[in-house]
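# Examination of the molecular architecture
So you can see what is in the structure, the chains are spelled out below.
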Amino acid sequence: LEELDDEQAVQAAVGALRGMFGASVPEPRKHVVTRWGADPHSRGSYSYVAAGARGSDYAVAAEPVGGQLFFAGEHTSVEHPATVVGAYLSGLAAATAVHKMLRKKAAGPAAPQQQEVERRAASPPPSKRAAAPRREPASAGKRRRRR
C-alpha cells in the first residue's frame, strides 16, 4: 500500500471493506494515507520495553490526563503490547472509559443517597475488611456423624 498513490490506497481499502461488508460501504468523505514504513522517524516501528523499563510502563502510557484526554494503541496494552490485538483491545478500553465519563457528566451530580451507594460499592466487601479474629466454636474440627 505504501507504494500506491493516495487515491489508489484509498480505493484498495474501500475495495477490501466492500469485499467484507458488501456494496453498501460508502466512499470516504476524507482520507489520510500514512506511510509509516517510509517515515524516517518511525520506519514502521512499534513499541517495546526498553532495557531498564518494566512492562507496567505500558499501563502508565494508557492513563488518561485530566479525565478528558484518553489514550489507546498497542503502546498502552500491558497484555498484548506491539500487536494489532493490543491496539484493538486498548481502543475498546479507552472508548468504554470515555463513554463512562460522558454518562457521568450527563447525569450531573449524584444525589446524597446515590453518593452513599457509590461509596459503599467502592469499599471492599466485609469479607475483605480487616476484622478481629473469630473464635472457632467448640464443635469446630469435630466430624459430624452421619446416619
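Definitions and cut-offs
- Residues numbered from 1 in each chain as written.
- Predicted model: local features only at pLDDT ≥ 70, side-chain atom pairs only at ≥ 80, totals over all residues.
- Heavy atoms only, no water.
- Helix = DSSP H or I, 4+ residues; strand = E, 2+ residues; numbered from the N terminus.
- Buried < 20%, exposed > 50% of the residue type's maximum accessible area, 1.4 Å probe, protein only.
- Expected span 1.5 Å × (residues − 1).
- Salt bridge = Lys/Arg side-chain N within 4 Å of Asp/Glu carboxyl O.
- Contact = heavy atoms within 4.5 Å.
- Arc of directions from axis to C-beta.
- Polar contact = N/O pair within 3.5 Å; in protein donor to acceptor, adjacent residues only side chain to side chain.

### As for the overall build of the protein
Looking only at helices and strands, one finds 4 helices and 0 strands in the protein. For the protein, the proportion of its 147 residues judged to be buried stands at 10%.

### Topic: helix α3 (residues 84-107)
Between its first and last C-alpha atoms α3 spans 35 Å; for 24 residues at 1.5 Å apiece the expected length is 34 Å, and the two agree. Two residues or fewer past α3, Gly 108 is found with a positive phi of approximately 75°.

### Focus on the pattern of salt bridges
Side chains bearing opposite charge may pair, as long as their charged atoms lie close to each other. Tallying each qualifying case throughout the model produces 3 salt bridges. One salt bridge in this structure joins Asp 57 and Arg 54, with 3.8 Å as the shortest N-O distance. Classification of Asp 57 as partly exposed rests on a relative accessible area of 31%. A relative accessible area of 55% places Arg 54 in the exposed class.

### Observations regarding the environment of His 75
Position of His 75 relative to the elements: it lies in the loop between α2 (57-62) and α3. Taking the C-alpha atoms as reference points, His 75 and Tyr 58, separated by 17 residues in sequence, lie 6.1 Å from one another. For His 75, the residues in contact, after removing those within four places along its chain, are Ser 47, Tyr 58 and Ala 61.

### A few points about helix α1 (residues 6-21)
Working note: α-helix, 3.6 residues per turn, so residues spaced by three or four point in the same direction. Between its first and last C-alpha atoms α1 spans 22 Å; for 16 residues at 1.5 Å apiece the expected length is 22 Å, and the two agree. All buried positions along α1 are accounted for by Ala 9, Val 10 and Val 14. End-on, the buried residues of α1 take up no more than an arc of 130°, which puts them together on one face. Near the N-terminus of α1, the side chain that reaches the backbone nitrogen of Glu 7, with its oxygen 3.1 Å away, is that of Asp 5.

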